Amino acid sequence: MARKSVELSSDFQFGHLQDRRPRQAGRAAGGSLSGDELYLKLLLVTIFLPEGLSFFVGDFRLSAARVMILFSSIVALSRLSQRMSARESVCIPSDILAPAAGAWMMLAATITDGLAGLKGAGIEVIEFVGAYLTFRFLLGSPDSAVRVLRFSCKLMIVVVCIALIDPLYDKLFTYEFVKSITGYTKPSYESALASRAESLFRDGVIRAMGPLEHSILFGAVCVWFGVLAFSVFRSGLFGWSVAGIALVGILFSQARSPLLGYVIGVGLAVFYGATPGFTARWKVVGSFVTVALVAIFSFSGSPIATLVRLSGVSAESGWYRQAIWDTAVPVVLGSPLFGIGLNGDWNWQSHGGLVSASLDSFWLSAALMYGIPGSLLVLLTIVSAFWLGPIDRSPHLSLEERRLSVALGLLTTTAVVLGFIVHFWGTCWILLAVFAGMRANLAETAIMRDRAARAAEAEPIALSEAFGFDVLGARNAHVGRRSRWHSVPVRMEKP
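Residues numbered from 1 in each chain as written. Predicted model: local features only at pLDDT ≥ 70, side-chain atom pairs only at ≥ 80, totals over all residues. Heavy atoms only, no water.

**Focus on the overall build of the protein chain**
Then, in step 1: If you tally the helices and strands in the protein chain, you get 19 helices and 4 strands.
Then, in step 2: Relative to its full complement of 495 residues, the protein chain shows a buried share of 48%.
Then, in step 3: Accessible area for the protein chain stands at about 23,800 Å²; split by element, carbon and sulfur atoms hold 65% of it. (Helix = DSSP H or I, 4+ residues; strand = E, 2+ residues; numbered from the N terminus. Buried < 20%, exposed > 50% of the residue type's maximum accessible area, 1.4 Å probe, protein only. Areas by Shrake-Rupley, 256 points an atom, 1.4 Å probe, with all protein chains shown as cover.)

Below, the structure written as structure tokens:
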């Protein structure tokens, strides 16, 4: 037998075997000297910077996050190429679907809007596909994803504190502050502030928004990080504190849909924790939800309004969203492959109950802009990171990594549900890809560590067959002799 056949398959795989060893010192310090990890933390900070701090190159609005994502995605592609050439990577379904979604988005936008559509879709693709690739291939060392998440939760606390200044001073504090520095204004904000529109005000009080683009997006981000903290760090004060602060942020955003998402996410987390031995829990939940949806869509003349009302959101909001779907769905079906473009008119004026072109549905909006395949590919990207199966029982992941794998599933569930009654863009659009990339990275980590462990266990057997004696027994005997030798006390003779 060749010597090469009894060695671990590669340094990359051996590194994953070494990753199984807990590094308590580094974990206790709560940080890492990894340059990649520091870069990812800095990138998360820039993702939450207000859009007023962007700069323009021609008609392109470039933010620090977009520039960093563009750079890191190139680095990520380079590393992917190196791994593929050495056959040291695991193909997660989302690795294929994310580029496919980006390619379709650019194709559809080019067909509908020409060069202008290509440029607009190109920015969206950089944010989504680039963020996925960044967090898919730049996370590496043991518990790196957990440390990045812990940093993100601390960052979320800062964002909530900044956002709470809005209702405290009854103005968009972050927007006004940035405007005073850069002069950047948004006509939609200015008109809504002048008329005290419900998009920014509710019950006469301004809604908390902070550095994000809308109070609903601020509420959605609070939902996601609140659920992650509650699920991953639930055994300590940190997780409960972040979850509580996130709830405060949701309440001051006065966004009812994110509150629904928070209840769903935390409820599923509690259900998971209360049924540790029930492996079919998600099949039962999925079956129940499927039956309920079939019944509602079969017997209700206004299924969207019915679902919204049953979820606890106001009846008025439910009927408004039903009107959006009733008006936009025929437009989607009229151009199902490529949509009507990024700025297409979906004929909202034809419905007397609609007051603006705002589309309160992420999946419906994506179908209008990029066609049904575009919307479907984005959905499949964020859910296909889970398609290789659950990893919450993997012996090769740390406890917090296993919890994170489940928490990302709960987060994705809330995002998919909210996507039918809330529109995501900007920060939330990027974070959807970040979470998908993080989950795909965890899946690869579990698989590679398992392969490395199997190779390490098979090595003594292969050596024994090659050299004709029990290598493992000889190794253990050698270790035993060394331990007995080192345990012999040293006698010092008197001079």
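**Observations concerning empty space enclosed by the protein**
Then, in step 1: Enumeration over the complete set of coordinates arrives at 4 cavities of 30 Å³ or more.
Then, in step 2: Size it by volume and the largest cavity reaches roughly 120 Å³.
Then, in step 3: The element that contributes the greatest number of residues to the lining of the largest cavity is helix α8 (residues 173–182), accounting for 4 residues.
Then, in step 4: Among the residues making up the lining of the largest cavity, the classes are represented as 8 nonpolar, 3 polar and 3 charged. (1 Å grid on protein atoms, 1.4 Å probe; cavity = no way out; pocket = protein on both sides within 12 Å on 5 of 7 lines; lining within 4 Å. Points joined across faces, edges and corners; volume = space filled by probe spheres on them. Nonpolar A, V, L, I, M, F, W, Y, C, P; charged D, E, K, R; others polar.)

**A closer look at the environment of Leu 404**
Then, in step 1: If you trace the backbone, Leu 404 turns up in helix α17 (residues 399–418).
Then, in step 2: Considering only alpha carbons, one finds Leu 404 and Val 232, 172 residues apart in sequence, at a separation of 5.5 Å.
Then, in step 3: In this view, Leu 404 contacts Ala 145, Val 146, Leu 149, Leu 228, Val 232, Met 438 and Leu 442; residues no more than four positions away in its chain are not counted. (Contact = heavy atoms within 4.5 Å.)

**Points about the side chain of Ser 54**
Then, in step 1: Examined against the element boundaries, Ser 54 turns out to sit in the loop between α3 (35–47) and β1 (55–57).
Then, in step 2: Residue class for Ser 54 comes out buried when judged on its relative accessible area of 14%.
Then, in step 3: Here the side chain of Ser 54 touches Glu 51 through a polar contact of 2.8 Å, landing on its backbone oxygen.
Then, in step 4: Discounting chain neighbours no more than four positions away, the residues touching Ser 54 are Arg 61, Leu 62 and Ser 63. (Polar contact = N/O pair within 3.5 Å; in protein donor to acceptor, adjacent residues only side chain to side chain.)

**A word on the packing of aromatic side chains**
Then, in step 1: Tallied over the entire structure, the rule returns 17 aromatic pairs.
Then, in step 2: Between Phe 173 and Phe 177, the aromatic rings sit 6.1 Å apart at their centres with planes inclined by 10 degrees, giving stacked as the arrangement. In this pair, Phe 173 and Phe 177 are both assigned in helix α8, 4 residues apart and thus about one turn of the helix distant.
Then, in step 3: Its relative accessible area of 48% is what places Phe 177 among the partly exposed residues.
Then, in step 4: Taken together, a centroid distance of 6.2 Å and an interplanar angle of 0 degrees make the contact between Tyr 272 and Trp 282 stacked. With Tyr 272 in helix α12 (residues 256–274) and Trp 282 in helix α13 (residues 281–299), this pair connects stretches of sequence that are 10 residues apart.
Then, in step 5: On the basis of relative accessibility, which here comes to 18%, the residue Tyr 272 falls in the buried class.
Then, in step 6: Grouped by ring-pair contacts, the aromatic residues Phe 48, Phe 128, Trp 224, Phe 225, Phe 362, Trp 363, Phe 424, Trp 429 and Phe 435 constitute a single cluster.
Then, in step 7: Between Arg 150 and the ring centre of Phe 233, over which it is positioned, the NZ or CZ distance is 4.4 Å.
Then, in step 8: Over the aromatic face of Tyr 189 sits the side chain of Lys 186, whose NZ or CZ is 4.8 Å from the ring centroid. (Phe/Tyr/Trp six-rings, centres within 6.5 Å; stacked < 30°, edge-to-face > 60°. Lys NZ or Arg CZ within 6 Å of the ring centre and 35° of its normal.)

**What to know about the nonpolar core**
Then, in step 1: Judged by nonpolar contacts, the single largest core of 119 residues is most densely connected at Trp 224, Phe 225, Leu 404 and Phe 424.
Then, in step 2: With 8 residues, the next largest nonpolar core counts Tyr 175, Tyr 189, Phe 201 and Met 209 among its residues. (Core = buried A, V, L, I, M, F, W, Y, C linked by side-chain atoms within 4.5 Å.)

**Structural notes on the pattern of salt bridges**
Between side chains of opposite charge, a pair can form when the charged atoms approach closely.
Then, in step 1: In the structure shown here, the tally under the stated rule is 15 salt bridges.
Then, in step 2: For Glu 37, the salt bridge goes to Lys 41, with nearest N and O atoms at 3.6 Å. Note that Glu 37 and Lys 41 are positioned in helix α3 at a spacing of 4 residues, about one turn of the helix.
Then, in step 3: Judged by its relative accessible area of 11%, Lys 41 falls in the buried class.
Then, in step 4: Put simply, Arg 83, Asp 95, Arg 136 and Glu 444 are held in one network by salt bridges that share partners. (Salt bridge = Lys/Arg side-chain N within 4 Å of Asp/Glu carboxyl O.)

**What to know about the layout of surface pockets**
Then, in step 1: The volume enclosed by the second largest pocket comes to roughly 1,800 Å³.
Then, in step 2: Lining the second largest pocket are 43 residues, and of these Leu 268, Val 285, Val 289, Thr 413 and Val 417 sit closest to its centre.
Then, in step 3: For the lining of the second largest pocket, the elements supplying multiple residues, two or more each, are α12, α13, α14 (303–310) and α17.
Then, in step 4: Tallying contributions element by element places α13 first for the lining of the second largest pocket, with 12 residues.
Then, in step 5: Among the residues making up the lining of the second largest pocket, the classes are represented as 29 nonpolar, 9 polar and 5 charged.

**Overview of the side chain of Arg 202**
Then, in step 1: Tracing the sequence through the fold places Arg 202 in strand β3 (residues 201–202).
Then, in step 2: Judged by its relative accessible area of 14%, Arg 202 falls in the buried class.
Then, in step 3: Within the structure, the side chain of Arg 202 is placed 2.5 Å from the backbone oxygen of Gln 254, a separation counted as a polar contact.
Then, in step 4: In this structure, Arg 202 is in contact with Arg 207, Gln 254, Ala 255 and Arg 256, ignoring residues within four places of it in sequence.

**Observations regarding unusual backbone geometry**
Then, in step 1: Located in the positive-phi region is Arg 196, a residue other than glycine, with phi close to 50 degrees.
Then, in step 2: Relative to the elements of secondary structure, Arg 196 occurs in the loop between α9 (187–195) and β3.
Then, in step 3: The exposure class assigned to Arg 196 is partly exposed, which follows from its relative accessible area of 42%.

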